[in-house]
Amino acid sequence: IQACADDLAAAMRWLKQLKNIYTIFMLFSRISGLVLNPRKCILILCSVLATLRAISLIRDWLRENIPDWENITIANKGKLLGFVIGPVSANFVWADALAKYKLRAKEINRDGNSMVSASLQYNCRATSVLGYLSQLVMAPKSIKQIEHGALHVVFHLATNSLSRQSFASVAEMI
């Protein structure tokens, strides 16, 4: 079991090992008064796809063995400390961060700042969104094109009016 703040993760080989985890959580609950919220928990399957049949079988097992957890989300991915984890996580790890990055670029655009102010806002509000992930996970191959588009948005420029090299020159002038 790994824990950080209120995020917990446990890896098990067999479903029946969930009974031990449940026992530990019930003991902790009696001692601390804190309880798990099954609606916020995800059982991430690593050895099988989370098909409707697999989910149904696991839910039946939970209903019989751990009724308190029968409505837990069952999937092949979930978030832990802001990272998408699980066997299909590669397809999703950057999706939320890139969507937030693009949204920040649009927000900076709407503020109507000067180039200097927009540049400062971009460095504080937009790039920081990607910094956390990029320390631990390789960025997608499309990151340069996404950044190029975001910079055009931030600086109120027509799409592709400046090359990536031109942005580097602008940065030196600011």
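Everything numeric in this text was worked out from a predicted model, so none of it was measured. Per chain, the residues get numbers from 1 upward, laid out in the order the sequence is written. At least 70 in pLDDT is required for a residue's local features to be given in this predicted model, at least 80 for side-chain atom pairs to be given and counted, and no such filter applies to totals for whole chains, interfaces and linings, which use all residues. Each side-chain value is worked out from all heavy atoms of the structure, with water and hydrogens disregarded.

A.B. asks: Just to check I follow, could you spell out the overall build of the protein chain for this structure?
C.D. replies: Only DSSP runs of H or I reaching four residues or more are called helices, and only runs of E reaching two or more are called strands; each is numbered from the N terminus. Counting secondary structure elements, the protein chain contains six helices and six strands. Counting helices and strands in the order they occur from the N terminus, the protein chain gives β-β-α-β-α-β-β-β-α-α-α-α. The reference for a compact globule is 2.2 Å times residues^0.38; the radius of gyration itself is calculated from the C-alpha atoms. Over its C-alpha trace the protein chain gives a radius of gyration of 22 Å, far above what one expects of a compact globule, namely 16 Å for 174 residues. On the principal axes, the C-alpha backbone points of the protein chain span a range of 65 × 35 × 25 Å. Two residues qualify as a contact provided that any one of their heavy atoms is within 4.5 Å of a heavy atom in the partner residue. Of the contacts made within the protein chain by residues no fewer than 6 positions apart, 61% connect residues no fewer than 24 positions apart. A total accessible area of about 11900 Å² is found for the protein chain, and carbon and sulfur atoms account for 57% of it. When charges are counted, Lys and Arg contribute as positive and Asp and Glu as negative, whereas His and the chain ends are disregarded. Taken as the charge centre is NZ of Lys, CZ of Arg, CG of Asp or CD of Glu, depending on the residue. Taken as two groups, the 20 positive and 11 negative side-chain charges of the protein chain have centres that lie 4 Å from each other. Computed by Shrake-Rupley with a 1.4 Å probe, the accessible areas treat only the displayed protein chains as cover when residues are assessed.

A.B. asks: How should the environment of Asp6 be read in this particular structure?
C.D. replies: Within the fold, Asp6 resides in the loop between β1 (2-4) and β2 (7-9). Taking C-alpha positions, Asp6 is 35 Å from Asp111, a pair spaced 105 residues apart along the chain.

A.B. asks: Honestly, the pattern of salt bridges in this entry has me stumped. Any pointers?
C.D. replies: Pairing between side chains of opposite charge can happen when the charged atoms of each approach one another. Whenever a carboxyl oxygen of Asp or Glu lies within 4 Å of a side-chain nitrogen of Lys or Arg, that contact is scored as a salt bridge. One pass over the structure, following the stated rule, counts five salt bridges. Notably, a salt bridge pairs Arg63 with Asp60, separated by 2.7 Å at the nearest N-O pair. Placement of both Arg63 and Asp60 in helix α2 (residues 52-65) is noted, with a separation of three residues, approximately one turn of the helix. Given a relative accessible area of 39%, Asp60 falls into the partly exposed group. Note on exposure labels: buried denotes an accessible area under 20% of the residue type's maximum, exposed denotes more than 50%, and partly exposed covers the range between, all computed with a 1.4 Å probe on protein chains only.

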